[in-house]
Amino acid sequence: MHESADTLVIFGITGDLARKMTFKALYRLERRGALMCNRIIGVARNKWSEEVLETHARDSVQEVFDDPDEDVIKRLDERLDYVRGEFDDPDTYKRLGKELEGAGQVVFYLEIPPSFFADVTKQLHDAGLTEGARVVFEKPFGHDLESAQALNAELCQYLDESQILRIDHFLGKEPVMDIMYLRFANSILEPVWNHRYVDSVQITMSEDFGVEDRGSFYDAVGALRDVVQNHLLQVLAAVAMEPPSGNRSDGDGIRDRKGDLFRAIPEADPSRCVRGQYRGYHAIDGVAADSGTETFVALALEIDSWRWSGVPFFIRAGKELPVESTEIRIVFKQPPRLGIGGRVVPDPDEFVLRIKPDPGAELCLLAKKAGADELHRVHLDLLFAEQDDEQPEPYERLLLDALEGRLDLFPTQDAVEQTWRIVQPLLDSPGELVEYEPGTWGPEDSAHLLSGHGGWRKPWLPAKAD
């Protein structure tokens, strides 16, 4: 644990991310008495006054909450200050330096395009503002392995790795954190969490909507860069990593084990990857007429470790699929033919962790069918919301961790480079792009990836209300 910050500086405070997420997170933190920093200083190019910023913050909160607490908003307003200036103008940082006189621990949060990361960091350094500070960077951190390495080399001219916090909001989701807690805090799971009992692992992130008004952004990114290299490989790490040491309290125990896991994953094989694009994608504003960007990707990965030797990890992600769902499914090995239940070979057991919607866990087992000498599937379900109080939202959790100096949810540069290394062959040799119909599960070829493993399972969805 590092020193808690008394000052938060947000670059890009007038932007969409601040309006949609940051003010909401700050409000929720203040409402539950967790926001301990004394000042929040916004830095942006807009010719705003502090009063305009306060009004913007209030409006942003009111967009989300029907009846926000006026006392909470007032306490936030009292902490807000504003420095107007261009990001490449040294005078901006001189004015910011005067505002920071007397500040103790400072966190700089760069809610700005990645193209500004290096310049802003240099300006902060040259103005003498980075000593002892923590600097938070929004994803994406590079667009391939080479660019990620180049960006880090620039930043490390001015910052130590321990000062750099890379945000991946997916890691701030409570159900993603639940994966490690369920694994490591329940000894009943450990004996079967390995290649002796697990046949395969399926990770699905399906969205039942398209790119909509994000054509210009998405067309330069695609599904692989947008969610696989970052979000879903981090989920895979939580599923497959070794337990962190109980003697470490600095967060690096978890990050070290994730790093070990990423290094054990060979580079992805383009022949075991299927890319798709939904019909109608080209008609979206901002999408190139000849775009080869994938809106669906499915791939198979292996892990060269004793625990996971021979166990394939299947990942699929896409837009305009039948349902919206994000889940991890552990498929266990099939039992032998039984002398009960009609002398059949039983279906394998499955353990499902659902991240979205309605986070929860499901254990799929076989039991005797009432009134018959047959087996049938039973589902033991748990919805986390039924067991816990209101959960912190991702940006709420990550902002608090950045302010308090908890680092375990922020990927290291090694993790960033390793995940880019894993997917780089798919970027270098993307393979055929297959059109698929909206509302389907993507190209039919994606099913061939799971040959011998029973095919893709339909996601576990919440029960419909009567």
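In this text, all values refer to a predicted model and were calculated from it rather than measured experimentally.

1. A word on the packing of aromatic side chains
Part 1 of the reasoning: On inspection of all chains with the given rule, the structure shows 13 aromatic pairs.
Part 2 of the reasoning: Clustering of aromatic rings is evident, with ring pairs tying together Phe-11, Phe-87, Tyr-93 and Phe-116.
Part 3 of the reasoning: One Lys or Arg, Arg-166, reaches over the ring of Phe-141 and ends 4.8 Å from the middle of that ring.
Part 4 of the reasoning: Directly above the aromatic system of Trp-460 lies the positively charged group of Arg-354, at a separation of 3.8 Å from the ring centroid.

2. A short note on helix α11 (residues 394–404)
Part 1 of the reasoning: For α11, the tally of buried residues reaches ten of eleven residues, placing the bulk of the element in the interior.
Part 2 of the reasoning: Listed in full, the buried residues belonging to α11 are Pro-394, Tyr-395, Glu-396, Arg-397, Leu-398, Leu-399, Leu-400, Asp-401, Ala-402 and Leu-403.
Part 3 of the reasoning: Positive backbone phi, approximately 80°, marks Gly-405, located one or two places after α11.

3. Things to note about the pattern of salt bridges
Part 1 of the reasoning: Applying the stated criterion to the full structure yields 34 salt bridges.
Part 2 of the reasoning: Measuring nitrogen to oxygen at the nearest pair gives 3.3 Å for the salt bridge that ties Glu-294 to Arg-275. A residue pair is termed long-range when its members are at least 10 positions apart, and Glu-294 in the loop between β8 (273–278) and β9 (296–301) and Arg-275 in strand β8 qualify at 19 residues.
Part 3 of the reasoning: For Glu-294, a relative accessible area of 8% corresponds to the buried category.

4. A look at unusual backbone geometry
Part 1 of the reasoning: With an omega dihedral of 10°, the bond running from Lys-139 to Pro-140 counts as a cis peptide bond.
Part 2 of the reasoning: Along the polypeptide, Pro-140 turns up in the loop between β5 (134–138) and α6 (145–155).
Part 3 of the reasoning: Here the phi dihedral of Glu-320 falls at roughly 60°; this positive angle occurs in a residue that is not glycine.
Part 4 of the reasoning: By the secondary structure assignment, Glu-320 is in the loop between β10 (313–318) and β11 (325–332).
Part 5 of the reasoning: Of note in the backbone geometry, Asp-358 takes a positive phi value of approximately 45° without being a glycine.
Part 6 of the reasoning: Mapped onto the secondary structure, Asp-358 falls in the loop between β12 (350–356) and β13 (360–368).

5. Observations concerning the pairing of β13
Part 1 of the reasoning: Where β12 meets β13, five bridges bridge the pair, whose relative direction is antiparallel. Directly across from Phe-351, in β13, lies its bridge partner Leu-363.
Part 2 of the reasoning: Between β12 and β13, which follow one another and run antiparallel, lie three residues, and Asp-358 among them has a positive phi close to 45°.
Part 3 of the reasoning: Sheet analysis places β13 next to strand β14 (residues 375–383), joined by nine bridges and oriented antiparallel. Bridge pairing links Ala-361 to Leu-382 in β14.
Part 4 of the reasoning: Following β13, the chain reverses through six residues before pairing antiparallel with β14; Gly-371 in that reversal takes a positive phi of roughly 80°.

6. Here we look at the sheet that holds strand β15 (residues 433–436)
Part 1 of the reasoning: The strand order across the open sheet formed by nine strands is β14-β13-β12-β11-β7-β10-β9-β8-β15, and the pairing between neighbours is mixed. Among the strands making up the open sheet, the edge pair consists of β14 and β15. Averaged over all adjacent pairs, the angle separating strand axes in this sheet is 20°, with direction ignored.
Part 2 of the reasoning: Note that β9 and β10 share six bridges and pair antiparallel. The residue bridging Ala-300 from the neighbouring strand is Phe-314, located in β10.
Part 3 of the reasoning: Together, β7 (198–206), β9, β10, β11 and β12 form the strand contacts of helix α9 (residues 222–240), whose direction differs from that of β10 by roughly 145°.

Analysis parameters
- Residues numbered from 1 in each chain as written.
- Predicted model: local features only at pLDDT ≥ 70, side-chain atom pairs only at ≥ 80, totals over all residues.
- Heavy atoms only, no water.
- Phe/Tyr/Trp six-rings, centres within 6.5 Å; stacked < 30°, edge-to-face > 60°.
- Lys NZ or Arg CZ within 6 Å of the ring centre and 35° of its normal.
- Buried < 20%, exposed > 50% of the residue type's maximum accessible area, 1.4 Å probe, protein only.
- Helix = DSSP H or I, 4+ residues; strand = E, 2+ residues; numbered from the N terminus.
- Salt bridge = Lys/Arg side-chain N within 4 Å of Asp/Glu carboxyl O.
- Pairing = 2+ DSSP bridges.
- Axes fitted to C-alpha atoms, helices over the stretch in contact; angles between N-to-C directions.
- Contact = heavy atoms within 4.5 Å.

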